[in-house]
Amino acid sequence: MLQQTPVVRVLPVWEQWMARWPAPADLAAEPSGEAVRAWGRLGYPRRALRLHAAASVMAANFDGNVPGTHAELLTLPGVGNYTAAAVASFAFGRRETVVDTNIRRVHARAVTGRALPAPALNAAEMRLAVSLLPAGDAASVAWNASVMELGALVCTARSPKCAECPVAGRCAWLAAGKPAPDYVPKGQSWAGTDRQVRGALLAVLRQAAAPVPRAVLMGAADLLPAPAPGLELAAELAAMSKLHALNAPAEQLERALAGLLADRLAEETHTGLQLPA
Ligand code: SF4
């Protein structure tokens, strides 16, 4: 959940999620659509499907437990090198090289003397991170946590607090006079994007307790059918009006819906569209 989403937005969803599904087997026992529904508006909802799929693998292959080694973690759907290293390090105390955005920025500034790390993680950065990691398990975990926190709280992207920084005396970027970055990072656009339309479509399906007819979802028909028992019509209508307020062109709506269907975040039955059963 924390990949690409800030802690303040994740926390309430995570708490509800863990109260409902305290163990991987609890999540695996429910349809994947329930994971997408509970994901709420955290964004990048394919992560919900991956978590559900990972819970199913943990239930089937690991006695319902989260595996503790980097190699085992990599067998879980949606888990890549970074997540495997972070879980093995922080949850299981193993010596793993954790490299996230914050750590990369601290390494770039303090060690390499650049304002920003490369646009994408490269082999030289990984070699540097491996070479900096202390030898012992406990020391390596403390190192990973410390550098990550330094990047999150002190050596921030926009306004590094060098005057308060505990490594200021050894920082290559500060010593070099804070040279400007050699590229301009791309901002993440949102308004008007397919991602925004996908999110709005998915919000309608999350609120709907019954399949939503395609013509209604696409804005070709104005009225919703009579609500089924238990249907939260007010919330569904609110989500629907937000979707249609975007005034997305029909082809963009179709493209966004096709993407949701292809990613199995939604499915179409003879009565309409819904979250995966
Ligand atoms: S001195 Fe400034 S740039 Fe260097 S690591 Fe500390 S906060 Fe970052």
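Here goes a summary of the coordinates provided. A quick note: this is a predicted structure, and the numbers were derived from the prediction, not measured.

Regarding the site of the ligand
Stage number 1. Around the ligand, the structure places R109, C155, P160, C162, C165, V167, A168, C171, W173 and L174.
Stage number 2. Among the residues forming the shell around the ligand, the class breakdown is nine nonpolar, no polar and one charged.

Examining the pattern of salt bridges
Stage number 1. Throughout the structure, instances matching the rule amount to 10 salt bridges.
Stage number 2. In this structure, R20 engages E30 in a salt bridge whose closest nitrogen and oxygen atoms are separated by 3.4 Å. One end of the pair, R20, is in helix α1 (residues 7–20); the other, E30, is in the loop between α2 (24–28) and α3 (32–39), with 10 residues separating them in the sequence.
Stage number 3. On the basis of relative accessible area, R20 is assigned to the partly exposed category, the value being 38%.
Stage number 4. Since its relative accessible area comes to 26%, E30 is described here as partly exposed.
Stage number 5. Here the salt bridges share partners, and the residues they tie into one network are R20, E30, E34 and R37.

With respect to helix α6 (residues 81–90)
An α-helical segment advances 3.6 residues per turn. Residues three or four places apart therefore align on the same side.
Stage number 1. For α6, the complete set of buried residues consists of T83, A84, A85, A86, A88 and S89.
Stage number 2. Where α6 is buried, its residues contact α5 (70–73) and α9 (137–154).

Cut-offs used in this document
- Residues numbered from 1 in each chain as written.
- Predicted model: local features only at pLDDT ≥ 70, side-chain atom pairs only at ≥ 80, totals over all residues.
- Heavy atoms only, no water.
- Near = heavy atom within 4 Å.
- Nonpolar A, V, L, I, M, F, W, Y, C, P; charged D, E, K, R; others polar.
- Salt bridge = Lys/Arg side-chain N within 4 Å of Asp/Glu carboxyl O.
- Helix = DSSP H or I, 4+ residues; strand = E, 2+ residues; numbered from the N terminus.
- Buried < 20%, exposed > 50% of the residue type's maximum accessible area, 1.4 Å probe, protein only.
- Contact = heavy atoms within 4.5 Å.

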